[in-house]
Every structure is written in structure tokens, then in C-alpha cells.
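# Examination of the molecular architecture
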Amino acid sequence: MLGHLAAADYLRLLTTAPERLRICANPTCGLRFHDVSRNGTRRWCSSTGCGNRAKAARHYARRTARAS
């Protein structure tokens, strides 16, 4: 039953707001999510998962570039 409800919600989103359905920007993730941000520019499936890993990786790259 839960799968049926998820599929019904996904189909509803496809008809009402298809421009807000996104694929996570993490190349190893591939999850789809509904972008509920105000300006519609969300890139990550979650800020604590993929988004945080990407931000941490960029920060680490900047710090190691400055050190060398």
C-alpha cells in the first residue's frame, strides 16, 4: 500500500509541478526529489547527506590548495 501511495504522489507531482522534480547533483546518488525551495534552485536530495558531503569536499580542496 505504501508503494502505491508513493507512486500516486509521484504521478500527481508530474502533472502539477514537473519543473520542481529534480535529480540529486551527486553523480553517485541519483535520487529524485521535489524541490520546495523558494527560488527553485535546490541541487541536493538532502542537505545533511549529499549536499553536506559536496560542501565538505569543496572546503577540503580549498584548504589543501592554499596549503601547497
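The structure displayed is predicted, hence computed values, not measured ones.

### Let's talk about the overall build of the protein
Along the protein, the regular secondary structure elements total two helices and two strands. Along the protein, helices (α) and strands (β) appear in the sequence α-β-β-α when read from the amino end. Its C-alpha atoms give the protein a radius of gyration of 16 Å, more than 25% over the compact-globule value 11 Å for 68 residues. Along the first, second and third principal axes, the C-alpha atoms of the protein reach 55 × 25 × 15 Å. Counting the 68 residues in the protein, one finds 19% classified as buried. Within the protein, contacts between residues separated by at least 24 positions form 4% of all contacts whose residues are at least 6 apart in sequence. Of the roughly 5,500 Å² of accessible surface on the protein, a fraction of 59% belongs to carbon and sulfur atoms.

### What to know about the pattern of salt bridges
The full count for this structure, using the stated rule, is three salt bridges. The residue arginine 12 makes a salt bridge to aspartate 9 at a minimum N-O spacing of 4.0 Å. You can see arginine 12 and its partner aspartate 9 sitting in helix α1 (residues 2–16), three residues apart, about one turn around the helix. When its relative accessible area of 42% is taken as the criterion, aspartate 9 is described as partly exposed. Here aspartate 35 and arginine 22 are joined by a salt bridge, their closest N and O atoms 3.3 Å apart. Placement of the pair is aspartate 35 in the loop between β2 (32–34) and α2 (50–67) and arginine 22 in strand β1 (residues 21–23), with a sequence separation of 13 residues. Three or more residues are tied together by salt bridges with common partners; here these are Arg20, Arg22 and Asp35.

### Things to note about the side chain of aspartate 35
For aspartate 35, a relative accessible area of 1% puts it in the buried group. Within the structure, aspartate 35 has its side chain in polar contact with the side chain of serine 37 (distance 2.7 Å). Every residue in contact with aspartate 35, bar those within four places of it in the chain, is listed here: Arg20, Arg22, Gly40, Thr41 and Arg42.

### Focus: the nonpolar core
If you look at the biggest cluster of nonpolar residues, it comprises six residues: Cys24, Phe33, Trp44, Cys45, Cys50 and Ala54. Look past the residues within four positions of tryptophan 44 in its chain and what remains in contact with it is Cys24, Ala25, Asn26, Phe33, Cys50, Gly51, Ala54 and Arg58.

What counts and what doesn't
- Residues numbered from 1 in each chain as written.
- Predicted model: local features only at pLDDT ≥ 70, side-chain atom pairs only at ≥ 80, totals over all residues.
- Heavy atoms only, no water.
- Helix = DSSP H or I, 4+ residues; strand = E, 2+ residues; numbered from the N terminus.
- Rg over C-alpha atoms; globule rule 2.2 N^0.38 Å.
- Buried < 20%, exposed > 50% of the residue type's maximum accessible area, 1.4 Å probe, protein only.
- Contact = heavy atoms within 4.5 Å.
- Areas by Shrake-Rupley, 256 points an atom, 1.4 Å probe, with all protein chains shown as cover.
- Salt bridge = Lys/Arg side-chain N within 4 Å of Asp/Glu carboxyl O.
- Polar contact = N/O pair within 3.5 Å; in protein donor to acceptor, adjacent residues only side chain to side chain.
- Core = buried A, V, L, I, M, F, W, Y, C linked by side-chain atoms within 4.5 Å.

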